[in-house]
Amino acid sequence: RWYLDLVAQEVENLAGDGSTEDTRVILLGHSAGGWLARAALGYGSDKTSNGNDEDDNDRQEFEMDLSKVMGLVTLGTPHFP
């Protein structure tokens, strides 16, 4: 899960401190990188209705602010098993 932490950190670095509302990131992934980027978005949005992670022990460090992500573009990504 180190990859998910890295994606969250890079989104934060690229989007900045949020001083302007329109600073957002578009994730671009090729092949398996597209699958991993999609997994990171899903993993970042996996919160319960009270805002807590479903499994706090499993997700101690990862937290992505999805409001800083505009979208996801994948090229040559195997979305179906």
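Here the structure is shown first, and the text comes after it.
Only a predicted model underlies this, so the values are computations on that prediction, with no experimental measurement involved.

Student: Looking at this structure, I do not really get the overall build of the protein. What am I missing?
Tutor: Looking only at helices and strands, the protein has two helices and two strands in total. The secondary structure elements of the protein, listed N-terminal to C-terminal, are α-β-α-β. Looking at the 81 residues of the protein, the share that counts as buried comes to 26%. Here the contacts in the protein between residues at least 6 apart in sequence split such that 71% fall between residues at least 24 apart.

Student: What should I look at first to understand the pattern of salt bridges in this one?
Tutor: Pairing is possible between side chains of opposite charge, provided their charged atoms come close. Taken as a whole and assessed by the stated rule, the structure comprises one salt bridge. A salt bridge links Lys 68 to Glu 12; the shortest N-O distance between them is 2.7 Å. With Lys 68 in the loop between α2 (32-44) and β2 (69-75) and Glu 12 in helix α1 (residues 2-15), this pair connects stretches of sequence that are 56 residues apart. Here Lys 68 falls in the buried class, since its relative accessible area comes to 10%.

Student: It is not clear to me how the pairing of strand β1 (residues 25-30) should be interpreted in this structure. Could you clarify?
Tutor: The two faces of a sheet get side chains in turn, since along a regular strand they alternate between them. The alternating pattern of β1 places Val 25, Leu 27 and Gly 29 on a buried face and Ile 26, Leu 28 and His 30 on a face that is not buried. Where β1 meets β2, six bridges bridge the pair, whose relative direction is parallel. Counted as the bridge partner of Leu 28 is Val 73 from β2.

Student: Help me out: how do you make sense of the packing of aromatic side chains in this one?
Tutor: Given two aromatic rings, one states the distance between the centres and the angle between the planes to describe the pair. One pass over the structure, following the stated rule, counts one aromatic pair. With 6.1 Å between their ring centres and 85° between their planes, Trp 2 and Tyr 3 make a pair best called edge-to-face. Among the residues examined, Trp 2 registers a relative accessible area of 65% and is labelled exposed.

Student: What exactly am I supposed to notice about unusual backbone geometry here?
Tutor: Leaving glycine aside, a negative phi is the common case for residues, and trans is the common case for peptide bonds. Residue Ser 31 is not a glycine yet carries a positive backbone phi of 55°. Secondary-structure assignment places Ser 31 in the loop between β1 and α2.

Reading the values: the criteria
- Residues numbered from 1 in each chain as written.
- Predicted model: local features only at pLDDT ≥ 70, side-chain atom pairs only at ≥ 80, totals over all residues.
- Heavy atoms only, no water.
- Helix = DSSP H or I, 4+ residues; strand = E, 2+ residues; numbered from the N terminus.
- Buried < 20%, exposed > 50% of the residue type's maximum accessible area, 1.4 Å probe, protein only.
- Contact = heavy atoms within 4.5 Å.
- Salt bridge = Lys/Arg side-chain N within 4 Å of Asp/Glu carboxyl O.
- Pairing = 2+ DSSP bridges.
- Phe/Tyr/Trp six-rings, centres within 6.5 Å; stacked < 30°, edge-to-face > 60°.

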